[in-house]
Amino acid sequence: MSGIYKSLTPKDIRSTSFRAHKSVVATFDGSEVSTECTVYQAEHSLSSSYQFTRQGITNIDNGNSYYTNQFATTNGYYKTAVHAQLDHLFYKEYLSNNKATFGGGAPITLQYRDLGYKARVISFGTLKVGEGILPESLQITASGYKVQDDHNGNLIFVGAGSNGITNYDAADYDNTMMSLTFGRYYKYVDQGVVQVKESVPYGSYKLHTVYNNNSFQVLDTSGSVGVVFTPANTSSIQLNAPNNEFRTIYNLLNRDYAIAFRVKLANLPTTTAIVLSKQDQVTDFAVNLDGSLFVEKNAPTQHPYKISINSSGNVIFSKSDTVTTLTLTSTTTLSAGTLYDIVVQRQGTTLSIYINGTLSGTTTDTFFNNVSGTNAGSKEQDCGNNCNLYVGNNYNNTLPLDGTLTYFHMFDRSLTSNEITNLYENWGWLGNYCGNIYYNLGLIVFTHPKLVNAALTNIKLKGTVSLREVETYCTVGPGDFNVTYNRSVHYWNPVHNQYEVDSKFTGSYFRPYVTTVGLYNDNNELLAVAKLSTPIQTSRKTDTTFVVRFDY
């Protein structure tokens, strides 16, 4: 049937794969609704895991009004369930969960993840982004900030705004010796006094952190979680160094350093409340006159630093070599019920206290050795000890803090004025990371506390779809396909009882024009139709090849 069909061989067909990218733009109205995506609020609203597992799963399905009123967002999605799914799939133990990467970017170890009490989730369906979001194609603008992805699954700030979010000088605040952030302790909120043990890495060491009789509470609408110190519970955080070498590192001798924290006092102390103290009982071995061995446990009076708050609300920094004590007192006083971001640091021989990004006291550190290694006063090393660190109380629980801390950082360098301002404006958030993007799922998650409620304006991204381009070479030989199906050249043959081509259109001189090429499968089912822009007349002497290209 050379006049109707022509068989194609494998060499006539060439298939090439490629990836196409489709631009997607989502704009939002005043109610934060877009036709391109869905915005969810994720929040750990339930007061206990028992309440969620025993009541939440059952009653959410049954439409219980308590959960509908308390835990559903305006678009009807249950924020507690969304938060639990995020935590389980992407954040809990993500370093050991290879499935938590969900593609597109660098290895999982380059993704910075910190899911707190609240998160903002933006979901693009597969119909919008295909196989996933193209890395480095995301651009988000909103009220006062701009965000893009860094190819590694992180969302980063790239623009400043009126709400205080800035573009950081130091992307990840290097030289962080210790960083305690309490946003992830949402599971302990409203569960009373708890004790938690964990390890904070610093290089090849791990600082063992023990929370003693603390509780955790949500402080504001952003979902910021703080660790609560209560004098009646003798609350404290004990930071245990694994060996004397590590304890010596935390003496911070003859080096610049910075200590930053955010505090909210429930009540001013009656005398003094400890924020940070490097003093503890040290075990000493001695020999009695009769030759027997005995153990003494004493707390050394020398200390490289101690940060406290007095009864007037002043922040006090002190250090001592047992003979001389150096004290720096802030000019600003703290009030109960107000959050304050505080930085105490040493830069060269200068000690400084900053409160809410503003300098509030400075003095010369007379213990700091000069370049030649001598000093008119005591030596820096005379302030050092081998003690552990305590936060929120001293080692024997006699100088308790009555209030809440939302973060606690230590750096083995001083901070720039811009970094100090950024810590204040961003509530202690380190670096310019503000969330994560899961490319293959079309999922964007804001975890920065200042973004969980910030209104969205515009999102631009590119979706990814894998396609194949097929080239089919349809070769027509001389004399092939010289039959036309135009009704005007047919006549009715009563002898054969059918329409036939008039004889004058069947000679070798008749050369019809090709306007359409159809591709069929083995069952003669039409797969593709190619329309020529200009009719082409086939040759009587050479082959004519039509190349049909299509994507799928």
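Scroll up a little and you will see the structure.
Described in the following lines is the structure provided in the data block. Sequence order as written defines residue numbering, which begins from 1 separately in each chain. Totals for whole chains, interfaces and linings use every residue, but because this is a predicted model, local features are given only for residues with pLDDT of at least 70 and side-chain atom pairs only at 80 or more, for both listing and counting. In computing side-chain properties, one takes all heavy atoms of the structure into account and sets aside hydrogens as well as water.

Comments concerning the overall build of the protein
Then, number 1: Numbering of helices and strands runs from the N terminus; a helix is a DSSP stretch of H or I covering at least four residues, while a strand is a stretch of E covering at least two. Summing up its helical and strand segments, the protein has 6 helices and 32 strands in all.
Then, number 2: Taking all 552 residues of the protein together, the buried fraction comes to 45%.
Then, number 3: A separation threshold of at least 6 residues defines the contact pool for the protein, and within that pool the share at least 24 residues apart is 67%.
Then, number 4: The accessible surface values rely on the Shrake-Rupley method and a 1.4 Å probe; as for residues, cover is taken only from the protein chains in view. Roughly 27,000 Å² of accessible area belongs to the protein as shown, and the carbon and sulfur atoms make up 49% of that amount. Note on classification: 1.4 Å probe, protein chains only; a residue is buried when its accessible area is under 20% of the maximum for its type, exposed when over 50%, partly exposed between these limits. The contact rule is simple, with two residues in contact once any of their heavy atoms fall within 4.5 Å.

Some details on the pattern of salt bridges
Then, number 1: Put simply, a salt bridge is a Lys or Arg side-chain nitrogen that is within 4 Å of an Asp or Glu carboxyl oxygen. Summed over all chains, the structure comprises 14 salt bridges.
Then, number 2: In this structure, lysine 118 engages glutamate 43 in a salt bridge whose closest nitrogen and oxygen atoms are separated by 3.9 Å. Highlighted residues: lysine 118 in strand β3 (residues 118-123) and glutamate 43 in strand β2 (residues 38-43), separated in sequence by 75 residues. Of the two residues, lysine 118 and glutamate 43, neither departs from the other in class, the shared state being buried.
Then, number 3: For arginine 413, the salt bridge goes to glutamate 419, with nearest N and O atoms at 3.0 Å. Here the two residues arginine 413 and glutamate 419 agree in accessibility, since each one is buried.
Then, number 4: Each of Lys319, Arg346, Asp365 and Glu380 takes part in one network of salt bridges that share partners.

With respect to helix α3 (residues 79-91)
Then, number 1: The complete set of buried residues in α3 reads Lys79, Thr80, Val82, His83, Leu86, Asp87, Phe90 and Tyr91. What you see down the axis of α3 is that its buried residues fit within an arc of 160°, all on one side. Turned more than 90 degrees away from the buried face of α3 sit Gln85 and His88, all of them exposed.
Then, number 2: Following α3 by one or two positions, glutamate 93 adopts a phi angle in the positive range, close to 55°. This arc is taken over the directions from the axis of the helix to the C-beta atoms.

Some points on the pairing of strand β21 (residues 350-355)
Then, number 1: Among the 6 residues of β21, 5 are classified as buried, and the element is accordingly described as predominantly covered.
Then, number 2: In this description, strands pair whenever DSSP reports at least two bridges between them. Two elements, strand β20 (residues 339-347) and β21, share 6 bridges in a ladder whose sense is antiparallel. Bridge pairing in β21 links valine 343 to tyrosine 354.
Then, number 3: Counted along the chain from β20 to the antiparallel partner β21, the turn is 2 residues long, and its residue glycine 348 has a positive phi close to 70°.
Then, number 4: Across 5 bridges, β21 lies against strand β22 (residues 358-364) in antiparallel orientation. Bridging from a neighbouring strand, tyrosine 354 pairs with leucine 359 of β22.
Then, number 5: Connecting β21 to the antiparallel partner β22 that follows it, the hairpin turn spans 2 residues, and asparagine 356 within it adopts a positive phi of roughly 55°.

Details of the pairing of strand β24 (residues 403-411)
Then, number 1: Burial of β24 is extensive: 9 of the 9 residues sit out of reach of the surface.
Then, number 2: Pairing between strand β8 (residues 176-181) and β24: 5 bridges, direction antiparallel. What sits directly across from threonine 176, in β24, is phenylalanine 411.
Then, number 3: Where strand β11 (residues 225-229) and β24 come together, 3 bridges link them in antiparallel fashion. Its bridge partner lying in β24, phenylalanine 229 is registered against glycine 403.

Notes on the environment of glycine 130
Then, number 1: Along the chain, glycine 130 falls in the loop between α4 (126-129) and β4 (132-133).
Then, number 2: Relative accessible area serves as the criterion here: at 26%, glycine 130 is assigned to the partly exposed category.
Then, number 3: Residues glycine 130 and threonine 464 lie 334 residues apart in sequence; the distance between their C-alpha atoms is 5.5 Å.
Then, number 4: Glycine 130 has contacts with Thr464 and Val465, leaving out every residue within four places of it along the chain.

A few points about the packing of aromatic side chains
Then, number 1: Only centres within 6.5 Å qualify two rings of Phe, Tyr or Trp (six-membered ring in Trp) as a pair; their planes then separate them into stacked at under 30 degrees, edge-to-face at over 60, and tilted for everything else. Within this structure, the stated rule accounts for 15 aromatic pairs.
Then, number 2: Aromatic side chains phenylalanine 182 and tyrosine 211 sit 6.2 Å apart centroid to centroid with 85° between the ring planes, which places their arrangement in the edge-to-face category. On the criterion of sequence distance, the pair formed by phenylalanine 182 in the loop between β8 and β9 (194-202) and tyrosine 211 in strand β10 (residues 205-218) is long-range, its members being 29 residues apart. Across the pair, exposure class does not vary: phenylalanine 182 and tyrosine 211 are buried alike.
Then, number 3: Taken together, a centroid distance of 4.7 Å and an interplanar angle of 10° make the contact between tyrosine 185 and phenylalanine 216 stacked. One end of the pair, tyrosine 185, is in the loop between β8 and β9; the other, phenylalanine 216, is in strand β10, and 31 residues separate them in sequence.
Then, number 4: Exposure remark for tyrosine 185: the relative accessible area of 4% places this residue in the buried category.
Then, number 5: Put simply, the rings of Phe182, Tyr185, Tyr188, Tyr211 and Phe216 pair up and form one aromatic cluster.

Notes on the side chain of aspartate 341
Then, number 1: As for its placement among the helices and strands, aspartate 341 is situated in strand β20.
Then, number 2: Beyond its immediate chain neighbours, meaning those up to four positions away, aspartate 341 contacts Phe261, Arg262, Tyr354, Ile355, Asn356, Gly357, Tyr407, Leu423, Tyr424, Trp427 and Gly428.

Topic: unusual backbone geometry
Then, number 1: Positive phi, normally seen in glycine, also occurs at asparagine 397, with a value near 60°.
Then, number 2: The topology assignment puts asparagine 397 in the loop between β23 (389-391) and β24.
Then, number 3: Residue classification places asparagine 397 among the partly exposed positions, given a relative accessible area of 31%.
Then, number 4: Look at asparagine 524: it is not a glycine, yet its phi comes out positive at around 60°.
Then, number 5: By secondary structure assignment, the location of asparagine 524 is in the loop between β30 (513-520) and β31 (526-537).

With respect to helix α6 (residues 417-425)
Then, number 1: All buried positions along α6 are accounted for by Glu419, Ile420, Asn422 and Leu423. One side of α6 holds all its buried residues, which, seen down the axis, span an arc of 160°.
Then, number 2: Next to the buried residues of α6 lie β13 (257-265), β20, β21 and β24.
Then, number 3: Positive phi shows up at tryptophan 427, right after α6, with a value of about 60°.

Overview of the nonpolar core
Then, number 1: Residues belong to one nonpolar core when they are buried, are Ala, Val, Leu, Ile, Met, Phe, Trp, Tyr or Cys, and are joined through side-chain atoms within 4.5 Å. If you look at the biggest cluster of nonpolar residues, it comprises 55 residues, and the most contacted ones within it are Tyr250, Ile342, Leu405, Phe408 and Met410.
Then, number 2: Non-local contacts of leucine 405, meaning those with residues more than four positions away in its chain, are made with Phe182, Gly226, Val227, Phe229, Phe261, Arg262, Val263 and Val391.
Then, number 3: If you look at the next biggest cluster of nonpolar residues, it comprises 26 residues, including Phe28, Val129, Tyr145 and Ala454.

Describing a nonpolar patch on the surface
Then, number 1: The patches described consist of residues with a relative accessible area above 30% and no salt bridge, like charges being joined within 9 Å and nonpolar side chains (Val, Leu, Ile, Met, Phe, Trp, Tyr) within 5 Å. Judged by side-chain polarity, Tyr5, Tyr520, Leu526 and Val529 come together as a nonpolar surface patch covering roughly 370 Å² of accessible area.
Then, number 2: The residue tyrosine 520 is located in strand β30 in this model.

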